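An overview of the molecular structure
Each chain, written out:
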Amino acid sequence: MNYWNDLYVLILIVFAIYFFLSLCFFGFTRYLKKRRINDRYLALINKIRLFYKPVAWLVIIGGFIALDPVTHGLIIVLVAGFAYKQLGNYISGLFIRASPMVVTDTLVKAGKIHGRINRIGSLGMVLGTDQGERWVWYNFFDKTGFTLISNQTNVLQRALYLKTDLSKEALLDLVFNHPILALGKPTNLKELPNKQIFLMHYTMVKGARHEDFINYLHDHKVMTNSTENFDA
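Read on for a plain summary of the structure. (Residues numbered from 1 in each chain as written. Predicted model: local features only at pLDDT ≥ 70, side-chain atom pairs only at ≥ 80, totals over all residues. Heavy atoms only, no water.)

**Some details on the pairing of strand E3 (residues 124-129)**
- Counting buried residues in E3 gives 5 out of 6 residues, a clear majority hidden from the surface.
- Summarising the sheet, strand E2 (residues 113-120) and E3 pair through 4 bridges and their orientation is antiparallel. Bridging from a neighbouring strand, Arg-116 pairs with Gly-128 of E3.
- Linking E2 back to E3 in an antiparallel pair, the connection comprises 3 residues.
- As paired strands, E3 and strand E4 (residues 132-137) are joined by 6 bridges and run antiparallel to one another. Looking across to E4, one finds that Leu-127 is bridged to Arg-134. (Buried < 20%, exposed > 50% of the residue type's maximum accessible area, 1.4 Å probe, protein only. Helix = DSSP H or I, 4+ residues; strand = E, 2+ residues; numbered from the N terminus. Pairing = 2+ DSSP bridges.)

Dropping the structure here:
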């Protein structure tokens with residue numbers, strides 16, 4: 001990419017694709033709802049739409065850097081440095097918002113905070129608590145862990161930090177061998193920068209005991225914690 005016009009064309013193409021995908025998502029979502037097809041397909045559509053935006057921005061930023069790798073690369077590094085916390089919140093939010101249970105009116109428990117989701121944003125969400133509305137950053141959920149309780153199904157989704165010498169693939173095999181996980185519900189396992197520590201979001205079957213799952217992991221030498229600080 002040698003000219004600014006090429007960057008403008010790239011931006012137009014990216015936004016044209018997003019507009020086209022939005023129309024497809026809107027039409028396909030209405031079709032699935034009318035046909036009452038499994039919610040898993042709706043969740044997949046929403047996840048694709050959610051992750052397209054950051055991918056599109058990465059493409060545009062890549063094109064901007066390609067115009068002048070040194071100068072423009074330095075500009076992007078400086079901007080990223082100043083917006084480090086916001087970027088962290090946004091990335092954490094992508095994985096949290098990818099859950100089909102993260103919708104308005106879902107009950108959230110995180111640390112000492114207990115409330116219902118009123119609004120969902122790119123960097124955090126507004127919870128309705130006994131003390132009134134409260135803005136909560138997505139990073140807070142990553143640090144404290146959280147539980148989601150759906151109004152409609154009474155299904156529990158939890159977040160748990162795991163520390164183990166196992167690989168991500170071996171850990172997933174171990175987790176899915178336990179019957180506590182609800183079939184057809186998403187289970188996300190994210191490896192943190194601190195090696196050997198993972199953040200897992202999972203959904204339990206109705207009536208399952210969380211303590212049984214914890215004991216199962218401990219029996220297989222997997223440490224668990226509600227936060228990523230295992231030394232506390």
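**Observations regarding the pattern of salt bridges**
- Per the stated rule, a full pass over the model turns up 1 salt bridge.
- A salt bridge links Glu-133 to Arg-119, with the nearest nitrogen and oxygen atoms 3.5 Å apart. Of the two residues, Glu-133 is situated in strand E4 and Arg-119 in strand E2; the sequence distance between them amounts to 14 residues.
- Look at Glu-133 and you get exposed, because its relative accessible area is 52%.
- When its relative accessible area of 45% is taken as the criterion, Arg-119 is described as partly exposed. (Salt bridge = Lys/Arg side-chain N within 4 Å of Asp/Glu carboxyl O.)

**Some words on the layout of surface pockets**
- When its volume is computed, the second largest pocket comes out at roughly 500 Å³.
- In this structure, the second largest pocket is lined by 16 residues; those nearest its centre are Tyr-84, Gly-88, Ser-92, Asn-139 and Asp-142.
- For the lining of the second largest pocket, the secondary structure elements donating two or more residues are helix H4 (84-97), helix H5 (138-144) and strand E7 (188-191).
- Broken down by element, the lining of the second largest pocket gets its largest block of residues, 6 residues, from H4.
- When the residues that make up the lining of the second largest pocket are grouped by side-chain class, the tally is 6 nonpolar, 4 polar and 6 charged. (1 Å grid on protein atoms, 1.4 Å probe; cavity = no way out; pocket = protein on both sides within 12 Å on 5 of 7 lines; lining within 4 Å. Points joined across faces, edges and corners; volume = space filled by probe spheres on them. Nonpolar A, V, L, I, M, F, W, Y, C, P; charged D, E, K, R; others polar.)

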